[in-house]
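Examination of the molecular architecture
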Amino acid sequence: EPEVTQTPSHQVTQMGQEVILRCVPISNHLYFYWYRQILGQKVEFLVSFYNNEISEKSEIFDDQFSVERPDGSNFTLKIRSTKLEDSAMYFCASSDSASISYYTFGSGTRLTVV
Amino acid sequence: AQSVSQHNHHVILSEAASLELGCNYSYGGTVNLFWYVQYPGQHLQLLLKYFSGDPLVKGIKGFEAEFIKSKFSFNLRKPSVQWSDTAEYFCAVNAREYGNKLVFGAGTILRVKS
């Protein structure tokens, strides 16, 4: 069964550093998403991406965040200057359709900011 | 704004016990409803979904859920749990007019004692 792959599975970074979280969506998927889950809290939508541009973003997705599809296979989330409160599990998802029924999630990257 | 409530954060059951996890949402329009499961160290997996039609939905691994529109509820059930059902369960809602993003509940951690 095709999978969405996320790397690394766990990343520790110092406050103020830039981090890039990587995702390889399923190869024929066109819609890409990032969600995050702060420990003990809800899974929250961050951003959706289609046709090389952001289609929707949440209030959380401020100027510190950016997404990119640099090479046609990877889909990355960059946090420019990490804060302690960015510590969370970040999930990538992809879909082959605008229909929400075809979401596939990755296993997540646990980001710890110290 | 949409919100999703899961009533129990931790549930502990013995094997063969019946399970019901509550989920309520606050949105009056047309919704798509989902239950996801996350086994330790793994990605979010879709258990079942409701888009339209029969409000009693059957999913994988013997799970089912019932959509009760008048109660804004989509409770997850399983008649007899197994130790391997130990996981975290997330209810999620998509309001069709808000595009493809999912709004998640806080999750319920289920531990099944063998």
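Look a little higher up for the structure.
Throughout what follows, the structure given in this document is the object of discussion. Because the structure is a prediction, the values reported are computed rather than measured.

**Remarks on the interface of chain A and chain B**
Many authors give the size of an interface as the accessible area that is lost as the parts come together. On the side of chain B, 20 residues touch chain A, which itself brings 19 residues to the contact. Between chain A and chain B the total buried area reaches about 1700 Å² when both faces are included, carbon and sulfur atoms providing 58% of it. One can count 1 salt bridge joining chain A with chain B. For lysine 101 of chain B, the salt bridge identified is with glutamate 56 of chain A, shortest N-O distance 3.0 Å. Linking chain A to chain B there are 3 residue pairs in polar contact (both at pLDDT 80 or more). Those elements that provide at least two residues to the side of chain A that touches chain B are strand E4 (31-37) and strand E5 (43-50) of chain A. Looking at the side of chain A that touches chain B residue by residue, the class counts come to 10 nonpolar, 7 polar and 2 charged.

**What to know about the pairing of strand E5 (residues 31-38) of chain B**
Residue and element names in this part refer to chain B. Counting buried positions over the 8 residues of E5 gives 8, a clear majority of the element. Of the two faces of E5, the one lined by Val31, Leu33, Trp35 and Val37 and the one lined by Asn32, Phe34, Tyr36 and Gln38 are each fully buried. Note: E5 against strand E10 (residues 87-95), 8 bridges, orientation antiparallel. The residue bridging valine 31 from the neighbouring strand is alanine 95, located in E10. Note: E5 against strand E6 (residues 45-50), 5 bridges, orientation antiparallel. The partner of leucine 33 across the bridge, within E6, is tyrosine 50.

What counts, and where the lines are drawn
Residues numbered from 1 in each chain as written. Chains lettered and ligands numbered in written order. Predicted model: local features only at pLDDT ≥ 70, side-chain atom pairs only at ≥ 80, totals over all residues. Heavy atoms only, no water. Contact = heavy atoms within 4.5 Å. Buried area = accessible area lost by both parts, 1.4 Å probe. Salt bridge = Lys/Arg side-chain N within 4 Å of Asp/Glu carboxyl O. Polar contact = N/O pair within 3.5 Å; in protein donor to acceptor, adjacent residues only side chain to side chain. Helix = DSSP H or I, 4+ residues; strand = E, 2+ residues; numbered from the N terminus. Nonpolar A, V, L, I, M, F, W, Y, C, P; charged D, E, K, R; others polar. Buried < 20%, exposed > 50% of the residue type's maximum accessible area, 1.4 Å probe, protein only. Pairing = 2+ DSSP bridges.

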